[in-house]
Amino acid sequence: MLRGVDLDLPPRTLIRVEGANGTGKSTLLRLLAGIDSPSEGRITGRRPRTAYVPERFSAALPFTAAGYLVHLGRIHGLRSSEATDRARSWLARLGAAGHARTPLPELSKGTSQKVAVAQALLAEPELLILDEAWTGLDTAARDELERAVAERVAAGATVVFVDHDPRRLAGSVDAVFRIEGTGLLAAPATRAAGTGTRVRIEAAGPPGAALPAGLPGTPEHTPAADGGVRLTVAATHSDALLRALLTAHPPWHIRRLAAVPGLAESPGDDGPPHRTPTPEAP
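Structural notes, computed from the coordinates.

1. Some details on helix H4 (residues 109-121)
An α-helix turns once every 3.6 residues. As a result, residues three or four positions apart point the same way.
Part 1 of the reasoning: For H4, with 13 residues, the first-to-last C-alpha span of 19 Å sits near the 18 Å given by 1.5 Å per residue.
Part 2 of the reasoning: Burial within H4 is extensive, with 12 of its 13 residues counted as buried.
Part 3 of the reasoning: On the buried face of H4, the contacting elements are strand S2 (50-53), helix H2 (65-75), helix H3 (80-93), strand S3 (127-131) and helix H5 (139-154).

2. What to know about the nonpolar core
Part 1 of the reasoning: Among the nonpolar cores identified, the biggest contains 41 residues, and Leu 14, Leu 69, Val 115, Leu 130, Trp 134, Leu 145 and Val 149 are the most heavily contacted of them.
Part 2 of the reasoning: Looking at this core, the elements that each hand over two or more residues are S2, H2, H3, H4, S3, H5 and strand S4 (158-162).
Part 3 of the reasoning: Residue contributions to this core peak at six residues, all from H4.
Part 4 of the reasoning: Discounting residues that sit within four places of it in the chain, Trp 134 has contacts with Arg 142, Leu 145, Glu 146, Val 149, Phe 161, Asp 163, Arg 168 and Leu 169.
Part 5 of the reasoning: Residues Ile 15, Val 17, Tyr 52 and Val 162 belong to the second largest nonpolar core, which totals 15 residues.

3. Side note on the sheet that holds S3
Sheet strands line up and pair through hydrogen bonds in the backbone, either parallel or antiparallel.
Part 1 of the reasoning: Spatially, six strands are ordered S2-S3-S4-S1-S5-S6 in an open sheet, and the strand pairing comes out mixed. Because the sheet does not close on itself, it has two edges, and the strands there are S2 and strand S6 (183-187). The average angle at which neighbouring strand axes cross in this sheet is 20°, direction not considered.
Part 2 of the reasoning: Two elements, strand S5 (residues 175-180) and S6, share five bridges in a ladder whose sense is antiparallel. The residue of S6 that forms the bridge with Val 176 is Ala 187.
Part 3 of the reasoning: Packing of helix H1 (residues 25-33) onto the sheet brings it into contact with strand S1 (13-18), S2, S3, S4, S5 and S6, and relative to S3 it is tilted by some 160°.

4. Some remarks on the environment of Gly 77
Part 1 of the reasoning: Structurally, the position occupied by Gly 77 is in the loop between H2 and H3.
Part 2 of the reasoning: Sequence-wise, Gly 77 and Ala 123 are 46 residues apart; in three dimensions their C-alpha atoms are separated by 8.6 Å.

5. Considering the packing of aromatic side chains
Part 1 of the reasoning: One pass over the structure, following the stated rule, counts three aromatic pairs.
Part 2 of the reasoning: Each ring, one from Phe 57 and one from Tyr 68, has its centre 5.7 Å from the other, and the planes form 55°; the classification is tilted. Within this pair, whereas Phe 57 is found in the loop between S2 and H2, its partner Tyr 68 is found in helix H2, the two being separated by 11 residues in sequence.
Part 3 of the reasoning: These aromatic residues form a ring-pair network of at least three members: Phe 57, Phe 63 and Tyr 68.

6. Here we look at the packing of H5 against helix H6 (residues 235-246)
Part 1 of the reasoning: It is the contact of H5 with H6, at a shortest axis distance of 8 Å, that shows an interaxial angle of 45°. With respect to H6, the element H5 is oriented oblique. Our pair here, H5 against H6, has a crossing hand that is right-handed. Residue-level inspection shows Glu 146, Arg 147, Ala 150, Glu 151 and Ala 154 of H5 in contact with H6, the latter providing Thr 236, His 237, Asp 239, Ala 240 and Arg 243.

7. Overview of H1
Part 1 of the reasoning: Three or more residues of H1 are buried, namely Lys 25, Leu 28, Leu 29, Leu 31, Leu 32 and Ala 33.
Part 2 of the reasoning: Among the structural elements, S1, S2, S3, S4, S5 and S6 are those in contact with the buried residues of H1.
Part 3 of the reasoning: Backbone geometry just downstream of H1 places Gly 34 in the positive-phi region, at approximately 85°.

8. With respect to the pairing of S1
Part 1 of the reasoning: A large share of S1 lies buried, amounting to five of its six residues.
Part 2 of the reasoning: Pairing geometry for S1 and S4, over four bridges, is parallel. Paired with Thr 13 across the strands is Thr 158, a residue of S4.
Part 3 of the reasoning: Where S1 lies against S5, four bridges are found, and the strand directions are parallel. Counterpart to Glu 18 in the pairing with S5 is Arg 178.

9. Quick look at the pairing of S4
Part 1 of the reasoning: Counting buried residues along S4, five of its five residues qualify, which places the element largely inside the surrounding structure.
Part 2 of the reasoning: Of the two faces of S4, the one carrying Thr 158, Val 160 and Val 162 and the one carrying Val 159 and Phe 161 are both buried.

Criteria and thresholds
Residues numbered from 1 in each chain as written. Predicted model: local features only at pLDDT ≥ 70, side-chain atom pairs only at ≥ 80, totals over all residues. Heavy atoms only, no water. Helix = DSSP H or I, 4+ residues; strand = E, 2+ residues; numbered from the N terminus. Expected span 1.5 Å × (residues − 1). Buried < 20%, exposed > 50% of the residue type's maximum accessible area, 1.4 Å probe, protein only. Contact = heavy atoms within 4.5 Å. Core = buried A, V, L, I, M, F, W, Y, C linked by side-chain atoms within 4.5 Å. Pairing = 2+ DSSP bridges. Axes fitted to C-alpha atoms, helices over the stretch in contact; angles between N-to-C directions. Phe/Tyr/Trp six-rings, centres within 6.5 Å; stacked < 30°, edge-to-face > 60°. Parallel < 35°, antiparallel > 145°, perpendicular 65-115°, else oblique. Left-handed = near helix turned anticlockwise from the far one by under 90°.

Honestly, it's all geometry; don't read function into it.
Written out as structure tokens, the structure is:
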């Protein structure tokens, strides 16, 4: 049971929810997803386009993998052709293209989880809720899901997730909330700059062009010697950051790209301040 929960979900934000087993993490996520309703209080604001990956996906449904995804796409308002294209694309990205025509009950647990992830992502949700969504996925699919999370945040969405691995997206999280007793408390969001792989991108824009606002991953940026800019970001955000630079108006030119393992922030870094949304007091 949860009481006195007051939580704001700003756009372009990645939020982690923590807590011991049985404290109500899944309950909170189901409330946010609109699957359950609070017995007291209310959820305010416009209901965004929402997608949810449950902790356990029920595969006992009379569909093939692709058929189920197209069906869900239609429910989300996509045309059949668009739903089919997105279903094919997400199955391929997650490494399940070979199971497109397999009936759901015949899928392995790992492949079923890929279908569960695909059904949430194909609708390009504004609010994405992930309840232990990485459980059962192989390494490649876990990495792909992390990239997809970065893409959704870069596109302006809010992503709320629970995961048993404390390292999951540790370098990208904007806010952490922990369930203690029956309440929800804000916790420090550690960006783990000294651990894991980060990516350094050197880019140049047209003369006089300012760096695009709201770049994915809130990259640290410093001037480059040749007049461009050097951006450093967690590897999970690198693809989305590159895409944002290349599709900016006007587009930016990418000069160099390199992985920087174990990069620690230095006093000379001039990145924008880290933002940590906090709930209002009950």
